[in-house]
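Residue strings, one per chain:
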Amino acid sequence: MKKFFLAILALCFFATTQGQTDKRLKKIDTELEKILEATKAAGFAVAVVEGDKVIYAKGFGYRDYENKIPVDANTLFAIGSSSKAFTSAVLGKLREDDKLSFNDSPLEYIPELKFYNNDMNNNIIIKDLMRHSTGLPRHDASWYYFPTHSKDSLIKRIEYQEPFTGIRQKWYYNNFMFLTQGVIAERITGKSWEDNISDYFFKPLGMTRTNATIAEMKSASNAALGYQLKKGDIISKMDYYDIAGMSPAGSINSSVNDMSKWLITWINNGKYKDTQIIPEEYIKEAMSSQMVIGAALPSEELPDMHFANYGYGWMLQSYRGHYRVEHGGNIDGFSASVAFFPSDKIGIVVLTNQNGSAVTGLVRNTISDRLLGEGTTDWTQRYIDRQEKAKKAQEENKDEDNAANVKGTKPSHNKIEYTGTYTNPGYGKFEIIVKNDSLFTKLNTTSQYINHYHYDTFELIDVNEGKVDTTQIGNALKVIFNSNVGGEISNLEIEIEPTLGPIKFKRTPNTIDVTNESLQKYVGSYDLRGNEVKVYIKDENVLYVFLQGQPEYELLPVAEHKFNLKILDGYKVEFTEGEDGTISNLTFVQPNGKFTATKKGD
């Protein structure tokens with residue numbers, strides 16, 4: 001009898017779930033499985049909302065590909081920049097409480113914040129941060145390659161980041177400006193950005209599985225691992241990327257079931273279950289055009305796309321004549337799309353554990369076609385055709401990839417002379433070292449092999465599990481080393497910001513440890529064409545040189561008998577040792593020549 005009751009209960013449950021399937025989404029699972037296969041994604045999840053209800057939610061593929069653990073609607077994924085709408089909405093809440101105006105200067109709330117020039121300092125308003133209209137390009141390498149958990153430290157880098165256009169002249173995406181919004185809210189509330197989004201949104205919406213740190217992601221149950229495609233079809237695991245202090249720009253981890261609650265709130269003018277979560281006035285403003293992204297004129301491929309604008313943390317477009325509000329997200333191993341059609345009361349969230357994935361757009365468009373009833377496109381076949389075309393073009397052009405490489409050239413310096421610490425105040429610093437007779441970068445816990453390309457141009461090759469990824473040779477990011485007038489490597493340049501010229505990192509040679517006893521032999525007076533040069537020790541173990549009429553200069557030991565002047569780039573002092581082991585003279589090596597002084601007797 002008990003078994004019969006359970007069987008009836010199971011049958012009822014099956015009938016209920018089948019009854020909940022929307023007619024417009026009939027056989028949609030088959031189409032979504034095709035997308036999974038075509039993109040070779042490890043897995044993805046999707047939820048669809050209409051009005052105040054979830055009409056579809058399901059997972060496909062695996063959250064853990066190696067162990068074949070499936071994705072479901074509660075699986076956690078990193079949503080990347082889909083987090084931005086949360087960050088700006090916090091400011092919407094604070095404005096409702098008269099804590100700020102979007103026309104305020106951000107410097108009012110973060111006094112230590114400085115931009116690249118006074119025009120920016122005097123004229124940028126909070127609204128510019130929210131709609132990407134500051135004139136700053138992305139400068140993403142600054143936070144991605146030089147991460148820190150200190151938001152204040154990241155804020156200080158902004159002063160040194162060059163704009164590429166004027167304020168409100170062009171739209172250009174910038175993660176640092178969403179960091180700045182998060183810090184403004186922190187200064188007003190006295191709470192962290194993470195606590196603000198939790199208190200304002202996660203808790204009242206019942207987004208119980210959602211979090212905002214990699215530490216929480218790692219410890220959570222039912223969390224997806226991230227993957228990338230290698231060589232076109234190999235699914236390879238990626239490490240989680242800790243976005244750290246840049247969290248307001250994209251650190252949220254969530255499930256499609258949790259994100260459906262966020263979508264319902266936006267579709268219903270900021271309300272969720274009769275509670276006003278986000279101010280209605282802000283909702284309308286945030287999903288209205290605040291800045292033009294581009295013309296986005298209809299094309300043969302996308303005949304129904306009529307504009308591309310930006311609100312506050314949302315991208316605005318038309319799709320088949322319907323107004324669409326959407327924001328994607330990408331971070332190592334994960335991609336996301338959170339979209340809704342406000343006039344149609346329809347929302348779609350797609351989360352996948354594939355790096356830089358086409359899955360999100362394919363799933364979103366495939367489902368949108370069904371729900372909007374304006375005709376359908378085989379988006380999966382389009383993707384397959386595009387991939388084949390790209391693969392063919394790559395094969396045809398593979399011999400041209402290295403056409404710029406000048407064969408048979410050599411670096412201008414020995415390897416050791418490229419070593420040192422390289423610094424840019426708008427980005428950060430890293431070391432170059434010699435290891436096993438090869439040059440490597442040393443940045444935090446990561447390392448890259450520096451491969452000679454030609455002349456003083458090198459390329460940065462990834463090192464995975466202690467092995468150099470030789471497949472990247474010839475096609476990796478290039479760096480150019482420059483010499484000063486004295487012939488010493490003074491800096492390197494990297495083209496890591498497309499809208500600007502190369503970003504320059506100043507070199508400081510690595511110093512060596514020298515004992516007080518060793519320094520003593522340099523101490524004394526030297527004759528430089530009738531002028532006295534004094535060399536002495538201060539602070540127990542620091543060597544100084546002094547010439548009448550000049551300031552005293554601290555010397556940094558960089559090699560045996562060789563010192564750099566601490567505050568003057570390209571200026572060196574080299575001591576000469578006589579046959580008896582004593583120091584006989586010193587030579588100033590300067591951009592305008594060499595000047596030798598003879599050591600005086602005791």
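Residues numbered from 1 in each chain as written. Predicted model: local features only at pLDDT ≥ 70, side-chain atom pairs only at ≥ 80, totals over all residues. Heavy atoms only, no water.

Visitor: Talk me through the overall build of the protein chain; I want residue IDs and the actual numbers.
Guide: Secondary structure assignment for the protein chain yields 15 helices and 32 strands. Here the C-alpha coordinates of the protein chain stretch approximately 110 × 55 × 55 Å along the principal axes. Long-range contacts, defined here as pairs at least 24 residues apart, represent 56% of the contacts in the protein chain between residues at least 6 apart. A total of about 29200 Å² of accessible surface is found on the protein chain, and carbon and sulfur atoms cover 48% of it. Considering the protein chain, the positive charge centre built from 69 side chains and the negative charge centre built from 78 side chains are found 5 Å apart. (Helix = DSSP H or I, 4+ residues; strand = E, 2+ residues; numbered from the N terminus. Contact = heavy atoms within 4.5 Å. Areas by Shrake-Rupley, 256 points an atom, 1.4 Å probe, with all protein chains shown as cover. Lys, Arg positive; Asp, Glu negative; His and termini not counted. Charge placed at Lys NZ, Arg CZ, Asp CG, Glu CD.)

Visitor: I'd like a description of the sheet that holds strand β10 (residues 291-294), backed by residues and values.
Guide: Strand order across the open sheet formed by 9 strands is β3-β2-β1-β15-β14-β13-β12-β11-β10, with antiparallel pairing between neighbours. In this open sheet, the two edge strands, each paired with only one partner strand, are β3 (69-70) and β10. In this structure, strand β13 (residues 322-331) lies alongside strand β14 (residues 334-341), joined through 7 bridges in antiparallel fashion. Considered in β14, the bridge of Glu326 is made with Ala339. (Pairing = 2+ DSSP bridges.)

Visitor: Quick one: what's the story with the packing of aromatic side chains, residue by residue and with numbers?
Guide: Per the stated rule, a full pass over the model turns up 42 aromatic pairs. On the numbers, 4.4 Å between centres and 35° between planes, the contact of Tyr522 with Phe575 is tilted. Linking Tyr522 in the loop between α15 (516-520) and β25 (524-528) with Phe575 in strand β30 (residues 572-577), this pair joins segments that are 53 residues apart in sequence. Taking the relative accessible area as the measure of exposure, Tyr522 reaches 4% and is therefore buried. Ring centres of Tyr536 and Tyr544 lie 6.2 Å apart, and the angle between their planes is 10°; on these two criteria the pair is classed as stacked. For Tyr536, a relative accessible area of 23% translates into the label partly exposed. Aromatic ring contacts, followed pair by pair, group Phe86, Phe102, Tyr200, Phe201, Phe202, Trp262, Trp266, Tyr282, Tyr312, Trp314 and Phe340 into a single cluster. (Phe/Tyr/Trp six-rings, centres within 6.5 Å; stacked < 30°, edge-to-face > 60°. Buried < 20%, exposed > 50% of the residue type's maximum accessible area, 1.4 Å probe, protein only.)

Visitor: Explain the layout of surface pockets to me, and be specific about the residues and the numbers.
Guide: What the second largest pocket holds in volume is close to 350 Å³. In terms of lining, the second largest pocket is formed by 18 residues, of which the most central are Glu417, Glu488, Arg507, Val558 and Ala559. Of the residues in the lining of the second largest pocket, the class split is 6 nonpolar, 6 polar and 6 charged. (1 Å grid on protein atoms, 1.4 Å probe; cavity = no way out; pocket = protein on both sides within 12 Å on 5 of 7 lines; lining within 4 Å. Points joined across faces, edges and corners; volume = space filled by probe spheres on them. Nonpolar A, V, L, I, M, F, W, Y, C, P; charged D, E, K, R; others polar.)

Visitor: Tell me what's going on with the pairing of strand β15 (residues 346-352), and back it up with residues and numbers.
Guide: In terms of residue burial, β15 counts as a mostly covered element, since 7 of its 7 residues are buried. A two-sided burial pattern is seen for β15, the buried positions comprising Ile346, Ile348, Val350 and Thr352 on one face and Gly347, Val349 and Leu351 on the other. Note: strand β1 (residues 43-50) against β15, 7 bridges, orientation antiparallel. Counted as the bridge partner of Ala47 is Val349 from β15. Relative to β15, β14 runs antiparallel, the two being bridged by 7 bridges. Each bridged residue has a counterpart across the sheet, and for Phe341 the counterpart in β15 is Ile346. Count of turn residues in the β14/β15 antiparallel hairpin: 4 residues, of which Lys345 carries a positive phi of about 60°.

Visitor: Report on helix α3 (residues 84-96), specifying residues and quantitative values.
Guide: Across its 13 residues, α3 extends 19 Å between first and last C-alpha, which sits within 8% of the 18 Å expected from 1.5 Å per residue. Of all 13 residues in α3, 12 are buried; the element is thus mostly enclosed. Residues of α3 that are buried: Lys84, Ala85, Phe86, Thr87, Ser88, Ala89, Val90, Leu91, Gly92, Lys93, Leu94 and Arg95. In the segment just after α3, Asp98 is the residue with positive phi, at about 60°. (Expected span 1.5 Å × (residues − 1).)

Visitor: Now, about a negative patch on the surface: what can you tell me, with residues and values included?
Guide: The grouping of Glu96, Asp97, Asp98 and Glu281 at the surface amounts to a negative patch. Considering the arrangement of structural elements, one finds Asp98 in the loop between α3 and α4 (118-123). (Patch = residues over 30% accessible without salt bridge, like charges linked within 9 Å, V, L, I, M, F, W, Y side chains within 5 Å. Salt bridge = Lys/Arg side-chain N within 4 Å of Asp/Glu carboxyl O.)

Visitor: Residues and numbers for the packing of helix α13 (residues 359-372) against helix α14 (residues 379-397), please.
Guide: Across the interface, α13 lies against α14 with an axial gap of 9 Å and an inter-helix angle of 145°. Note on element contacts: α14 touches α13 through Trp379, Thr380 and Tyr383, opposite Leu362, Asn365, Thr366 and Asp369. Tallied by class, the residues present in the contact of α13 with α14 amount to 3 nonpolar, 3 polar and 1 charged. (Axes fitted to C-alpha atoms, helices over the stretch in contact; angles between N-to-C directions.)

Visitor: Break down unusual backbone geometry for me, citing the residues and quoting the values.
Guide: Positive phi values are uncommon outside glycine, yet His132 reaches one of about 60°. With respect to the element layout, His132 can be found in the loop between α5 (126-131) and α6 (140-144). The class for His132 is buried, based on a relative accessible area of 2%. If you check the backbone angles, His139 has positive phi at about 50° while not being a glycine.

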